Amino acid sequence: MMKKAQEGLQQEAEEREAEKKKFLEDNLDTIDDLDYKDRDELMEFVKKLHEKIAKFEGDKYDLQLTIRKNDLQIEDLKSRVNEARGKFIKPTLKKVSRTDKFEKKEEEKKGIDVQLKRVERKSASAELGEEDADDKVDLRAQLKKVEK
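As the structure is a computational prediction, the values presented were derived from the model and not from experiment.

1. Things to note about the overall build of the chain
- Secondary structure assignment for the chain yields 4 helices and 0 strands.
- For the chain, the N- to C-terminal ordering of α and β elements is α-α-α-α.
- Residues classed as buried in the chain amount to 2% of the 148 residues present.
- Accessible area for the chain stands at about 15,700 Å²; split by element, carbon and sulfur atoms hold 54% of it.

Right, here's the structure in full:
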């Protein structure tokens, strides 16, 4: 099956090359000894080349325009078909490992738990009447220092 497909692709490539060579042979003029031609013949030759280039550029532009139009029509038709069927294309989701997010959340929770335990210990010691100079903060004294 794969061999058939590969052979088919090779034949298509060879056909394209043959078409390309035929097109180039038909549309290319050979330049014969420019040194021996007089000025009038050269001017005429250059004008012909310029006309061919302009023609091919125009054809290229027209083909690009039709390709864009066809692409837009295809997209429009696809969306109409999807609306008629009731099917909508689901966007591909980015894969994220669950463990990384879970571990980060656990670390954040641990940090919050540790902070809460410290606050609970301080408030519990204050309720029991224990006074540690290190744990106790005098907010009024700090506020007075800032106001001065």
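2. Remarks on helix α2 (residues 39-85)
- For α2, built from 47 residues, the straight-helix expectation of 69 Å at 1.5 Å per residue is met to within 8% by its first-to-last C-alpha distance of 69 Å.
- Positive phi appears at G86, one or two residues downstream of α2, with a value of about 85°.

3. Let's talk about the pattern of salt bridges
- Within this structure, the stated rule accounts for 2 salt bridges.
- For E12, the salt bridge identified is with R16, shortest N-O distance 3.7 Å. Of this pair, E12 and R16 both sit in helix α1 (residues 2-27), 4 residues apart, which is roughly one turn of the helix.
- On the basis of relative accessible area, R16 is assigned to the exposed category, the value being 58%.
- In this structure, R80 and D76 form a salt bridge, with 3.3 Å as the shortest nitrogen-oxygen distance.

4. Observations regarding a nonpolar patch on the surface
- Together, F23, L24 and L28 line one region of the surface with nonpolar side chains, adding up to about 300 Å² of accessible area.
- Looking at where L28 falls in the secondary structure, it is placed in the loop between α1 and α2.

5. Points about the confidence of the model for the chain
- Counting all residues, the mean pLDDT for the chain is 77, and 64% of those residues have values of 70 or more.
- No element of the chain has a lower mean pLDDT than helix α3 (residues 98-128), at 59, and none a higher one than α2, at 91.

6. Regarding a negative patch on the surface
- There is a patch of like negative charges on the surface, built from D38, D40, E41 and E44.
- One can find E44 in helix α2.

Thresholds, definitions, all that
Residues numbered from 1 in each chain as written. Predicted model: local features only at pLDDT ≥ 70, side-chain atom pairs only at ≥ 80, totals over all residues. Heavy atoms only, no water. Helix = DSSP H or I, 4+ residues; strand = E, 2+ residues; numbered from the N terminus. Buried < 20%, exposed > 50% of the residue type's maximum accessible area, 1.4 Å probe, protein only. Areas by Shrake-Rupley, 256 points an atom, 1.4 Å probe, with all protein chains shown as cover. Expected span 1.5 Å × (residues − 1). Salt bridge = Lys/Arg side-chain N within 4 Å of Asp/Glu carboxyl O. Patch = residues over 30% accessible without salt bridge, like charges linked within 9 Å, V, L, I, M, F, W, Y side chains within 5 Å. pLDDT = per-residue confidence, 0-100. Lys, Arg positive; Asp, Glu negative; His and termini not counted. Charge placed at Lys NZ, Arg CZ, Asp CG, Glu CD.

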